[in-house]
Amino acid sequence: MMNLSETSNLPGSGRLKYQDFLPEFVYGGIDGSVTTFAVVAGSAGADLDISIILILGFANLLADGFSMSVGAYLSTKTGKENYEKHRKKEYREIQEIPESEEEEIRQIYREKGFEGELLEKVVAVIISDKDRWVDVMMKDELEMIPEKKSPLLIGTVTFLSFITVGLVPLISYLFEEQANQSSTHLFLLSCIMTSVAFVGIGFLKATVTETSRLRGIMETLLLGGSAAAVSYFVGDILEKILS
């Protein structure tokens, strides 16, 4: 599966907008809704008390959400640090072995189809500015693109998305006293609400990856439904074995 954050990392995109964090929102939302719904389904299959379902659901929601956001933060931070490390190395090599680095630029553009006088002009323009020279080496030699988004913001968006969308499977249980419904009806309502959330997240996922929206929706519904079904039957089987 593609890493969803790659779609908004293109250079020259200018100031960041909220749309730039859509991949993180989708990533967190999918994980939050699927994992929380799986917990709810497993608990329902085991016929656990509503209070226990809420305890397990919220424990999963907060713990997994925090864990996922920390992972997103550290992953982005590590990527930025790795990029800067290689960038400094390129500056050092340009300073210490300029002839070799110039030849690498020449080879890069020769492979792009430049030759003769035009090739030499292109090389001369690039190496006339060290920053431009390093940028070309980072992109075309090392195939590394800088991450413009803040690791802290990425972690925050991931956490908020996980919590917001992941809360959906639990909503029906939060108002069980006012609704005065049986646990079976509450689980059915949770299934319906979570399916709607899956549709929304699947639509956004397709928007981010620029693929078929119908396919994105169906994939999310299938994956989320499969995880919930497995959890439900495992809970049901274990409840029968242990009771």
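Up top is the structure.
Quick caveat, the model's predicted, so the values are computed rather than measured.

## Structural notes on the overall build of the chain
Right, so step 1: Looking only at helices and strands, the chain features 10 helices and 0 strands.
Right, so step 2: Start at the N end of the chain and walk to the C end: the helices and strands fall as α-α-α-α-α-α-α-α-α-α.
Right, so step 3: Within the span of the chain, comprising 243 residues, buried residues form 38% of the whole.
Right, so step 4: A fraction of 75% describes how many contacts in the chain between residues 6 or more apart in sequence connect residues 24 or more apart.
Right, so step 5: Entry remark: accessible area of the chain is about 14,100 Å², with carbon and sulfur atoms responsible for 62%.

## Some points on the packing of aromatic side chains
Right, so step 1: For the structure shown, the criterion picks out 5 aromatic pairs.
Right, so step 2: Aromatic side chains Tyr-109 and Phe-114 sit 5.6 Å apart centroid to centroid with 65° between the ring planes, which places their arrangement in the edge-to-face category.
Right, so step 3: According to the relative accessible area criterion, Phe-114 is partly exposed, its value standing at 27%.
Right, so step 4: Plain terms: the ring middles of Phe-187 and Tyr-232 are 5.6 Å apart, the flat faces sit at 15° to each other, and that makes the pair stacked. With Phe-187 in helix H9 (residues 183-209) and Tyr-232 in helix H10 (residues 213-242), this residue pair connects regions lying 45 residues apart in the sequence.
Right, so step 5: Connected via pairs of aromatic rings, a cluster forms that spans Phe-37, Phe-187, Phe-198, Tyr-232 and Phe-233.
Right, so step 6: Between the NZ or CZ atom of Lys-112 and the centre of the ring of Tyr-109, over which it lies, the distance is 5.7 Å.
Right, so step 7: The lysine or arginine in question, Lys-149, covers the ring of Phe-21, its NZ or CZ lying 5.6 Å from the ring centre.

## Things to note about the packing of helix H1 (residues 22-45) against helix H2 (residues 50-96)
Right, so step 1: Interaxial distance between H1 and H2 falls to 9 Å at its minimum, and their mutual angle equals 155°. Viewed along their axes, H1 and H2 adopt a mutual orientation that is roughly antiparallel. Considering only the axes of H1 and H2, their crossing is right-handed. Between H1, through Tyr-27, Gly-28, Asp-31, Thr-35, Thr-36, Val-39, Val-40, Ser-43 and Ala-44, and H2, the contact on the second element is made entirely by Ile-53, Leu-56, Gly-57, Asn-60, Leu-61, Asp-64 and Met-68.

## Remarks on unusual backbone geometry
Right, so step 1: A positive phi angle, near 55°, is found at Glu-143, a position not held by glycine.
Right, so step 2: Note on placement: Glu-143 falls in the loop between helix H5 (130-141) and helix H6 (151-166).
Right, so step 3: For Glu-143, a relative accessible area of 67% gives the class exposed.
Right, so step 4: Of note, Glu-210 is a non-glycine position whose phi angle comes to about 55°, a positive value.
Right, so step 5: You can see Glu-210 is positioned in the loop between H9 and H10.
Right, so step 6: Judged by relative accessible area, Glu-210 falls into the exposed class, the value being 71%.

## Description of the pattern of salt bridges
As a working rule, side chains carrying opposite charge can pair if their charged atoms are close by.
Right, so step 1: Evaluation of the coordinates by the stated rule reveals 12 salt bridges.
Right, so step 2: Note that Glu-24 and Lys-149 form a salt bridge whose closest N and O atoms lie 3.1 Å from each other. Highlighted residues: Glu-24 in helix H1 and Lys-149 in the loop between H5 and H6, separated in sequence by 125 residues. In this structure, Glu-24 and Lys-149 share a single accessibility class: buried.
Right, so step 3: The structure contains a network of salt bridges with shared partners spanning Glu-102, Glu-103, Arg-106, Arg-110 and Glu-120.

Conventions and cut-offs
- Residues numbered from 1 in each chain as written.
- Predicted model: local features only at pLDDT ≥ 70, side-chain atom pairs only at ≥ 80, totals over all residues.
- Heavy atoms only, no water.
- Helix = DSSP H or I, 4+ residues; strand = E, 2+ residues; numbered from the N terminus.
- Buried < 20%, exposed > 50% of the residue type's maximum accessible area, 1.4 Å probe, protein only.
- Contact = heavy atoms within 4.5 Å.
- Areas by Shrake-Rupley, 256 points an atom, 1.4 Å probe, with all protein chains shown as cover.
- Phe/Tyr/Trp six-rings, centres within 6.5 Å; stacked < 30°, edge-to-face > 60°.
- Lys NZ or Arg CZ within 6 Å of the ring centre and 35° of its normal.
- Axes fitted to C-alpha atoms, helices over the stretch in contact; angles between N-to-C directions.
- Parallel < 35°, antiparallel > 145°, perpendicular 65-115°, else oblique.
- Left-handed = near helix turned anticlockwise from the far one by under 90°.
- Salt bridge = Lys/Arg side-chain N within 4 Å of Asp/Glu carboxyl O.

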